[in-house]
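Fold and geometry: a report
Next come the chains, spelled out residue by residue.
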Amino acid sequence: MKKLSKHAWTAAHSAELYGINNWGAGYFGVADNGEVSITAQGTDGKLSSVSMLSLVKEIKERGMDMPVLIRVENILAQQIIRLNEAFNRAITNGGYQAPYRGVFPVKVNQQSQVIEEIAQVGAKYGHGLEAGSKPELLIALAHLESREACIVCNGYKDEEFIDLGLQALKMGYRVFFVIETLTELPIIIERSRALGIKPLIGVRVKLASMVGGHWNASSGDRSIFGLTIAQLVSLLDTLKAEDMLDCLQLLHYHLGSQIPNIRDIRTGVLEACQVYRDLVTEGACMGYLDLGGGLAVDYDGSKTNYLHSRNYTINEYCNDIIDVVMSTLDPSGVAHPTLITESGRATVAYSSVLLFNVLDVANFEPGPLPETISPEENPMILKLWELQGTANVRNIQECYNDALFYRDETRELFKAGQVNLRSRSLAENLFLQIMHQLLDLADDAPREHREMEKLRELLSDIYYCNFSLFQSLPDVWAIDQIFPVMPIHRLTEEPTRQGIIADITCDCDGKIDKFVDTHNTKRTLPLHTLKDNDEYYIGVFLVGAYQETLGDLHNLFGDTNVANVRITADGNFEFIHEIQGDSIADVLSYVEYNPQQMQDRFRRIAERAVGEGRITAKERSTIMSAFSASMRGYTYYER
Ligand SMILES: *Cc1c(COP(=O)(O)O)cnc(C)c1O
C-alpha cells in the first residue's frame, strides 16, 4: 500500500481503498466527514443521504444492541423500479410487442416486510412472485393484489398445492404450474378435471447451454430440475391426447444464480427461443417466456466476468434479452411472448447491511525484547539475534529463509528439552521482530516477493467482531461468497492495520479472510487501530439475498436485531419496523429446552448451595436474577 502522510488522508482515499464507489451502485458512498452514507430516492423522487453512524446511534437509543441488520426500504423499492424500467425501456426502444412481468422468487428473502414492499412497489408494474413450496404460495396469494402479476409455481407440487393454485386461478390470480418432472402432470390433469378448472401450465426445460460461475450445476444435461428435450416431447404428446395443449402457456428455464458473463445469458435465451418457437409450431398456446434468475450482483465492483461480479449492466441485460428474442422469433413470425424473469439476488441484495462492533483485536507483534542477549544462549537463538541487524532490501528472501530455519530449529530443541520456556519465548519474539522488519523492507523493495504476500496475511491482525457468520453470512462459509466489508466511520483517518474478521462462534471457520478488490480478492482488510472506549463499527454490505433464512444456530447465536428504515426526503430516516433478535430463551426452546424448567432446576441447585453454606440467601437471589436476566437477553455480546 502506498504510504501517505496522516494529514493527507481523506474520505476520498478511503472510498478508493475500499472500492465503495465500484460496488455501492450509487446507494453507498463515503461522505466528506469520513462516514459511510446511504443514498436513496425519497417518495418525491429526489435523492437524499443519511450517515450510517447516525443510524447506529439512533438504533442504540432505541435500546437495540449490535449486531443489527439494517434493511433500507427505499433501496429495495428502487431496485424493483430499476429492473422494470430497464425492461420497459428496452421493450420500447426495440419495438418489442409484449410486456415484461417480473416475479420475485420468495426463497431469496421471505421476510414479510421484504415481500410486502415488493408487492406494493411492484403492483404498478404487475411484478409478481415465484413460489417453490406451499408456504411460499400462501405468501404470494396473500400479498399480490394486481391481476397483471404472475405467480409462478416451481418445485414439487402435491394435490393440496395444486387444488389451492387452481382455486386461486379461478379467483383471478395468474397462477402458473411449472412442470418440473413428468410425474406432476397426471395430478394436475386429474385435479383440474375434478375441480372443473383449466390450469395454466408452464414447463421447465433443461437447456444444453452451460454457464460459468458458482451455480453452473443448474444448467446442462445433469441439472436436477426440469424436463429433458425428450421428456418435453412426451409432455406435448400427453397434453395433445388430453386435448389440453391450450393450457401450455409458459416455457421456463433457470441457468443458475449469479451469472457473471452476458454471453452465457444470451446463449441461454437463444436456445430457449428455439424451444419456444417449436412449442408454438406444435400447437401449444404459449404466450409467456420465463428466463429464470441469474441476473448478477457486482459484489467486488470489478465489472468483469469474475465469479463475484458481472460484465454487464441491468440495461445491457434487458437489451440483450429483447434483442435475442426478437432476432430468433421474428423470422418465423412467432408472436412476442410476455417476458418473465425471476431475479432474486439482484432485487434484494443491496437493501440489507449487517452492522457489528469490534470486541477485541489480536495482533502478531513481537513482545518486548531485551537490550542484550547472553552469549550462553543457544546458538540458534544467537543467530536470530544477529539476523535482526542485517536485513536489507537486497537480502529479504535470504533473511526470511534463515529466520524460519533458526526458529524451527529452536522449536525442535525445545521439544527435545534442550531449550527452556523463556529461551523459546525469546526466539519466537525475535522471529516476529524480523518478520515485521522484512515486511517493512518489502514495501520498498523493487520486486514483489511471493512469500511476503503470505507473510502479510500470517502477521495480520484478527479483529474479533460481534456477530455469527453461520447465522448472518452463511454463504461466506458455505460457498466462499464475497461481500464488501468496511468500517462505516473514521474514514478520514488512514487505516494503518491489516486484519481479518473473526466472529464470536469460536469456530475456526467463523471468519472472513477474503475481501473485495478490483483485481482478484485480497486476504486482509485495511482497518483502523481501536481507540480506548470508542466503538469501532464494521458493515457487511449487499447481504439482502439468501443470507437471512439460510443461517443456523451455530453455538446458539440467534437471529440478530433488525431495523427496517426508510430514508426521507429531508435527509433523515424513519424507523418503519424493528424486530428484536432472538433472546437466549428463544434459541434454547428451538432446540427443545424448556427455559422455565431450566430455571427451576438451577433454583434448586442454588437452594442446595445455601443449605450447604456455600452462598447466602441474598447471594442466591442475586444469582437467580442474573440467570433469568440472561434468559431474556440477546444471544450476542452486550456492552
Ligand atoms: C433461486 C432461483 C431463482 C433466483 O435466482 P437469482 O439468481 O437469485 O435471481 C430464480 N428461479 C429459480 C427457479 C430459482 O431456483
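Definitions and limits used
- Residues numbered from 1 in each chain as written.
- Predicted model: local features only at pLDDT ≥ 70, side-chain atom pairs only at ≥ 80, totals over all residues.
- Heavy atoms only, no water.
- Pairing = 2+ DSSP bridges.
- Helix = DSSP H or I, 4+ residues; strand = E, 2+ residues; numbered from the N terminus.
- Axes fitted to C-alpha atoms, helices over the stretch in contact; angles between N-to-C directions.
- Near = heavy atom within 4 Å.
- Polar contact = N/O pair within 3.5 Å; in protein donor to acceptor, adjacent residues only side chain to side chain.
- Areas by Shrake-Rupley, 256 points an atom, 1.4 Å probe, with all protein chains shown as cover.
- Salt bridge = Lys/Arg side-chain N within 4 Å of Asp/Glu carboxyl O.
- Buried < 20%, exposed > 50% of the residue type's maximum accessible area, 1.4 Å probe, protein only.
- Domains from an automatic or database assignment.
- Parallel < 35°, antiparallel > 145°, perpendicular 65-115°, else oblique.
- Left-handed = near helix turned anticlockwise from the far one by under 90°.
- Contact = heavy atoms within 4.5 Å.
- Nonpolar A, V, L, I, M, F, W, Y, C, P; charged D, E, K, R; others polar.
- Patch = residues over 30% accessible without salt bridge, like charges linked within 9 Å, V, L, I, M, F, W, Y side chains within 5 Å.
- Disulfide = S-S within 2.5 Å.
- Core = buried A, V, L, I, M, F, W, Y, C linked by side-chain atoms within 4.5 Å.
- Arc of directions from axis to C-beta.

Attention now goes to the pairing of strand β23 (residues 573–579). In the sheet, strand β22 (residues 561–567) pairs with β23 via 6 bridges, with the strands oriented antiparallel. Pairing of Ile 567 across the sheet is with Phe 573, part of β23. Turn length for the β22-β23 hairpin, with the two strands adjacent in sequence and antiparallel, is 5 residues, and the turn residue Gly 571 shows positive phi of about 75 degrees.

Glancing now at the sheet that holds strand β3 (residues 47–51). Across the sheet, 3 strands lie side by side as β1-β2-β3; this open sheet has antiparallel pairing. Either end of the sheet is taken by a strand with one partner, and the two such strands are β1 (28–30) and β3. Across the sheet, the mean angle separating the axes of adjacent strands is 35 degrees when strand polarity is ignored. Relative to strand β2 (residues 36–41), β1 runs antiparallel, the two being bridged by 3 bridges.

We now examine the site of the ligand. Close to the ligand lie 16 residues, the nearest being Lys 107, Ser 257, Glu 342, Gly 344 and Tyr 546. In the model, an oxygen atom of the ligand is placed 2.5 Å from a nitrogen or oxygen of the Lys 107 side chain. In this structure, Gly 344 approaches the ligand through a main-chain N or O atom, which is 2.7 Å from an oxygen atom. Here the ligand loses 92% of its free accessible area of 390 Å² to cover by the protein chains.

Evaluated as defined, the whole model comprises 38 salt bridges. For Asp 323, the salt bridge identified is with Arg 266, shortest N-O distance 3.0 Å. Taken together, the residues Asp 323 in helix α11 (residues 314–329) and Arg 266 in helix α10 (residues 262–281) connect sequence positions 57 residues apart. You can call Arg 266 partly exposed: its relative accessible area is 31%. Arg 523 serves as the salt-bridge partner of Glu 457, at 3.9 Å between the closest nitrogen and oxygen.

Below, the discussion takes up the domain arrangement of the protein chain. Its domain assignment divides the protein chain into domain 1 (1–91 + 349–364 + 462–581), domain 2 (154–343), domain 3 (379–457) and domain 4 (588–632). Taking only C-alpha atoms into account, the centre of domain 2 sits 58 Å from that of domain 4.

One can describe the packing of helix α4 (residues 73–94) onto helix α5 (residues 112–122) by two numbers: an axis separation of 9 Å at closest approach and a directional angle of 45 degrees. One way to sum up the angle between α4 and α5 is to call them oblique. Classified by chirality, the crossing of α5 by α4 is right-handed. Contacts between α4 and α5 involve Glu 73, Leu 76, Ala 77, Ile 80 and Ile 81 from the former and Gln 113, Val 114, Glu 117, Ile 118, Val 121 and Gly 122 from the latter. Broken down by class, the residue content of the contact of α4 with α5 amounts to 7 nonpolar, 2 polar and 2 charged.

The next thing to look at is a nonpolar patch on the surface. A grouping of Tyr 156, Ile 224 and Phe 225 is seen on the molecular surface, where their side chains present a nonpolar patch of about 370 Å² in accessible area. You can see Ile 224 is positioned in the loop between β9 (200–204) and α9 (229–241). Here Ile 224 falls in the exposed class, since its relative accessible area comes to 70%.

Turning our eyes to something else, we now look at the state of the cysteines. As used here, a disulfide is simply a covalent bond connecting the sulfur atoms of two cysteines. Using the criterion set out here, one finds 0 disulfides in the structure. The structure places no disulfide on Cys 153, whose sulfur is separated from the nearest cysteine sulfur, that of Cys 150, by 11 Å. Under the relative-accessibility criterion, Cys 153 is labelled buried at 0%.

For the rest of this paragraph, the subject is the packing of helix α13 (residues 379–390) against helix α14 (residues 396–415). Between α13 and α14, whose axes approach to 9 Å, the crossing angle comes to 155 degrees. Compared by their axis directions, α13 and α14 come out roughly antiparallel. Two packed elements cross with a definite hand, and for α13 against α14 that hand is left-handed. Where α13 abuts α14, its residues Met 380, Ile 381, Lys 383, Leu 384, Leu 387 and Thr 390 lie against Cys 399, Asp 402, Ala 403, Tyr 406, Arg 407, Glu 409, Thr 410 and Leu 413. Across the contact of α13 with α14, the residue classes tally to 8 nonpolar, 2 polar and 4 charged.

So, on to the sheet that holds strand β8 (residues 174–179). Reading across the sheet, the 8 strands line up as β5-β6-β7-β8-β9-β10-β11-β12 and stay open at both edges, with parallel pairing between neighbours. Unpaired on one side and paired on the other, β5 (103–105) and β12 (338–340) mark the two borders of the sheet. Each strand axis lies, on average, 25 degrees off the axis of its neighbour in the sheet, ignoring direction. Across 4 bridges, strand β7 (residues 150–153) lies against β8 in parallel orientation. Looking at the pairing, Cys 153 lines up with Phe 177 of β8. Its contacts with the sheet put α9 on β8, β9 and β10 (248–252), and the angle it makes with β9 is roughly 160 degrees.

Moving on, we come to the pairing of β22. Within β22, 6 of the 7 residues are buried, which leaves it mostly tucked inside the rest of the structure. Judged from the 5 bridges that link them, strand β4 (residues 68–72) and β22 form a sheet pairing that is parallel. If you follow Ile 70 over to β22, its bridge partner there is Ala 563.

With that settled, the discussion passes to the nonpolar core. In terms of nonpolar packing, the biggest core is built from 165 residues, with Phe 28, Leu 251, Leu 473, Ile 501 and Phe 541 touching the most fellow members. Ignoring sequence-local partners within four residues, the contact set of Phe 541 consists of Trp 23, Phe 28, Val 36, Met 52, Ser 352, Val 353, Phe 483, Pro 484, Met 486 and Ile 488. Core analysis: the second largest hydrophobic core is formed by 28 residues, Ile 373, Met 380, Cys 399 and Ala 403 among them.

Let us look at helix α1 (residues 11–18). Within the sequence span of α1, burial applies to Ala 11, Ser 14, Ala 15, Leu 17 and Tyr 18. Projected down its long axis, α1 shows its buried positions confined to an angular sector of 165 degrees, all on one face. For α1, exposure combined with an orientation more than 90 degrees from the buried face picks out Ala 12 and Glu 16. Along its buried surface, α1 packs onto α2 (20–23), β1, β15 (485–487), β18 (515–516), β19 (521–522) and β20 (525–527). Once α1 finishes, Gly 19 follows within two positions and takes phi at roughly 70 degrees, a positive value.

Once that is clear, we can look at the environment of Ala 427. Along the chain, Ala 427 falls in helix α15 (residues 421–444). The spatial distance from the C-alpha of Ala 427 to the C-alpha of Tyr 406 is 8.5 Å, given a sequence separation of 21 residues. If near-sequence neighbours (up to four positions away) are discounted, Ala 427 is found in contact with Ile 381, Leu 384 and Thr 410.

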